[in-house]
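# What the coordinates show
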Amino acid sequence: MIRVVMLRLVALTLALGTVAAWTGPPTALSFGFTSPQRLQRQQRLNGGYRLCAEVDTASSPTVEDVSVIILAGGVGSRMKAGMPKQFLLLRGKPVLQHSIDLFLGLDGIAEVVLVIAPEYRAQFDDLLATPRGGKLKFAEPGKERQDSVCNGLDAIHDAAPLVCIHDAARPLVTPTEIYQVLSDALIHGAAVLGVPMKATVKESADGEFVLRTVDRSRLWEVQTPQVIKPQLLRDGFAKVKAQNLEVTDDVSVIEQLGLPVKLTLGEYTNIKLTTPDDMAVAEQILKSRDPK
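Residues numbered from 1 in each chain as written. Predicted model: local features only at pLDDT ≥ 70, side-chain atom pairs only at ≥ 80, totals over all residues. Heavy atoms only, no water.

### Quick look at the environment of Val-68
Convention followed: Strands here are runs of E lasting at least two residues and helices are runs of H or I lasting at least four, both read from the DSSP assignment and numbered beginning at the N terminus. Buried residues are those whose accessible area, probed at 1.4 Å on protein chains only, stays under 20% of the maximum for their type, while exposed residues exceed 50% and partly exposed ones sit between those limits. Note on definitions: a residue-residue contact is assigned when non-hydrogen atoms from the two residues lie within 4.5 Å.
When you line up the elements, Val-68 lands in strand β5 (residues 66-71). On the accessibility criterion, Val-68 (0% relative accessible area) is buried. Sequence-distant contacts of Val-68, defined by excluding residues within four places in its chain, comprise Phe-103, Ile-109, Glu-111, Val-112, Val-113 and Cys-164.

### A closer look at the environment of Thr-274
Residue placement: Thr-274 occurs in the loop between β15 (262-265) and α8 (276-289). Overall, the relative accessible area of 16% leaves Thr-274 in the buried class. A C-alpha to C-alpha distance of 8.0 Å links Thr-274 and Lys-85, two positions 189 residues apart in sequence.

### Concerning the sheet that holds strand β14 (residues 220-228)
Which entries qualify depends on this criterion: Pairing between strands requires that DSSP locate at least two bridges from one strand to the other. Axis definition: a line fitted to C-alpha atoms, over the contacting stretch in the case of helices. Angles run 0 to 180 degrees between N-to-C directions.
Read across the open sheet, the 7 strands follow the order β9-β8-β5-β10-β14-β11-β15; overall the sheet is mixed. Unpaired on one side and paired on the other, β9 (136-139) and β15 mark the two borders of the sheet. Pairs of neighbouring strands in the sheet enclose a mean axial angle of 30°, with direction left out of account. Inspection of the sheet shows β5 paired to strand β10 (residues 163-167) by 5 bridges, in the parallel sense. Bridge assignment links Ile-70 to a residue of β10, and that residue is His-166. Helix α4 (residues 145-155) contacts β5, β8 (109-115), β9, β10 and β14 of the sheet and is inclined by roughly 145° relative to β5.

### Comments concerning helix α5 (residues 175-188)
The condition is simple: Multiplying one less than the number of residues by 1.5 Å gives the expected span of a helix.
Here α5 is 14 residues long and its end C-alpha atoms lie 20 Å apart, about the 20 Å a rise of 1.5 Å per residue gives. Burial of α5 is extensive: 11 of the 14 residues sit out of reach of the surface. Three or more residues of α5 are buried, namely Pro-175, Thr-176, Glu-177, Ile-178, Tyr-179, Gln-180, Val-181, Leu-182, Ser-183, Asp-184 and Ala-185. Residue Gly-189 follows α5 closely and has a positive phi angle near 100°.

As structure tokens, then:
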């Protein structure tokens, strides 16, 4: 177990060069970054890693009244814990609480809809009694992911220009990533955080032998948040339901409409917590951001 975790940490360090120290949210908490923000990104290109040019996001559009849907209805059986993984402690607080605190603390967020079973809602009573807790709502989980998203979508306010859908199992996303994907979605209608694929990918027809090696230069590993204009998402769900289509993530619904989805470059540290060693990796990432 320890050896596996250490190997994953080494691989993550090689991919990123180093995990930058976390200095907190940007000083100007608006989607337009009203003070110029210059970010350095590491991106995998042509088989190697290079430091991308600084990105000036001062000209990004400003948006307000965003609705956030946090999906927290999963069981997480692969975590092999005695409770759903979103309630496991990560640096002293539940995994889910990291995302709730982050989104409730960002400017421009009008509400956070938590898709979670009723039996787990009482633990948020103290938060609901606070001023920021007034932004928190609940929705029922569905049988499939798209059903949960639909339920969350039904709960958002009518005037929301964007709906930002996030998995509770990704507690490491940063404000900078969130602001950029929101800005991209406002311009293009839909956007998703993602990173270029690092792994070599093999295709198999029978699950036993390699059919071919897939060209990874055009492959991206998508993450969350995935951000979409609400009416587009409703239109997409209507088509998916009418034609009995199967979709595996939120922007796939927009793809079914034949509309573009913007890829927003994220960070490799925005991992999804699936197995116990993911928890150990997440602990190390958070510790590197805030050693205290």
